[in-house]
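Listed here are the chains, written in short residue letters.
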Amino acid sequence: MSDAFDIMDMPRRFDIDLKALHRRFIELSAANHPDRFTDPLDQADAAERAAVINEAYRTLSDPERRAGALLAVLGGAAKEDDKTLPPNLLMEMMEVRERMEEAIAEDDQAALAELRAWAEQQRREHLDATAKLFDEALDKRA
C-alpha cells in the first residue's frame, strides 16, 4: 500500500526538503494531468492519479499532517485517538490568551509583536523536537 512518501518519492522523515517536494509535485502533476490524454478512460485514470498526488503533496507539505503520516507508518495513534496534552499547556495558553487580549484592547503593537515572536519560537522548537523524535523512532525501526 502506497503512502504519501511513496507517492511523492520522498524519504520517510519529518524534516524533508520542501523545495524538492514541490519540484516532485510539479513533475508528477505535469505527467499525470488529464489534458495529456485523449482517451476518456485514460483521462479519468489521470484525474484519479492527480487527486492522489494532490493529497500526498498536501500531506507532506503540512508539518502536522506529515507527522500524522509518519505516526501511521510507525503504528502510532492518530491525533483523533490521542487527546493527551502536556500538563501545563492549558494554563499557559490561558495566560498567553489573556496577555494577547490585553495587548489587542490597548492596541499595544510592541506586546503583540513580542507574543508573535514567542509563538514563532515555540513553533520552531516544537517542530525541531518533533523531527528529532521521529528521527530516533525511524532509526530504531530501520
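Structural notes, computed from the coordinates.

In terms of regular secondary structure, the protein chain is built from six helices and zero strands. Along the protein chain, helices and strands appear, N-terminal first, in the series α-α-α-α-α-α. Oriented by its inertia axes, the alpha-carbon framework of the protein chain measures out at about 65 × 40 × 25 Å. Expressed as a percentage of the 142 residues in the protein chain, the buried residues total 23%. In the protein chain, the proportion of contacts linking residues at least 24 apart, taken out of those at least 6 apart, comes to 57%. Summed over its atoms, the accessible surface of the protein chain is roughly 10300 Å², and 54% of this surface lies on carbon and sulfur atoms. Counting 20 positive and 32 negative side-chain charges, the protein chain places the averaged centre of each group 5 Å from the other.

This brings us to the packing of aromatic side chains. Enumeration over the complete set of coordinates arrives at two aromatic pairs. With centroids separated by 5.8 Å and ring planes inclined at 15 degrees, the aromatic side chains of F14 and F134 adopt a geometry described as stacked. Note that F14 is positioned in the loop between α1 (4-8) and α2 (18-31) and F134 in helix α6 (residues 109-141), a separation of 120 residues in sequence. Its relative accessible area of 2% is what places F14 among the buried residues. Residue classification places F134 among the buried positions, given a relative accessible area of 8%.

So, about the pattern of salt bridges. Inspection of the entire model under this criterion finds nine salt bridges. Residues D139 and R13 are paired through a salt bridge, measuring 2.8 Å at the closest nitrogen-oxygen approach. Placement of D139 in helix α6 and of R13 in the loop between α1 and α2 is noted, with a sequence separation of 126 residues between them. The class of D139 is partly exposed, set by a relative accessible area of 46%. Classification of R13 as partly exposed rests on a relative accessible area of 25%. In the salt-bridge network here, residues are joined through shared partners; they are D3, D6 and R12.

Let us look at helix α5 (residues 89-105). When the terminal C-alpha atoms of α5 are compared, their 24 Å separation across 17 residues agrees well with the 24 Å that a helix rising 1.5 Å per residue should span. Looking one or two residues beyond α5, the residue adopting positive phi is D107, at roughly 50 degrees.

For the pair helix α4 (residues 63-74) and α6, interaxial distance at closest approach is 11 Å and the crossing angle is 20 degrees. As the angle between them shows, α4 and α6 are arranged roughly parallel. Two packed elements cross with a definite hand, and for α4 against α6 that hand is left-handed. Of the residues in α6, those in contact with P63, A67, L70, L71, V73 and L74 of α4 are R123, L127, F134, A137, L138 and R141. Looking at the contact of α4 with α6, its residues break down into 10 nonpolar, no polar and two charged.

How each quantity is defined
- Residues numbered from 1 in each chain as written.
- Predicted model: local features only at pLDDT ≥ 70, side-chain atom pairs only at ≥ 80, totals over all residues.
- Heavy atoms only, no water.
- Helix = DSSP H or I, 4+ residues; strand = E, 2+ residues; numbered from the N terminus.
- Buried < 20%, exposed > 50% of the residue type's maximum accessible area, 1.4 Å probe, protein only.
- Contact = heavy atoms within 4.5 Å.
- Areas by Shrake-Rupley, 256 points an atom, 1.4 Å probe, with all protein chains shown as cover.
- Lys, Arg positive; Asp, Glu negative; His and termini not counted.
- Charge placed at Lys NZ, Arg CZ, Asp CG, Glu CD.
- Phe/Tyr/Trp six-rings, centres within 6.5 Å; stacked < 30°, edge-to-face > 60°.
- Salt bridge = Lys/Arg side-chain N within 4 Å of Asp/Glu carboxyl O.
- Expected span 1.5 Å × (residues − 1).
- Axes fitted to C-alpha atoms, helices over the stretch in contact; angles between N-to-C directions.
- Parallel < 35°, antiparallel > 145°, perpendicular 65-115°, else oblique.
- Left-handed = near helix turned anticlockwise from the far one by under 90°.
- Nonpolar A, V, L, I, M, F, W, Y, C, P; charged D, E, K, R; others polar.

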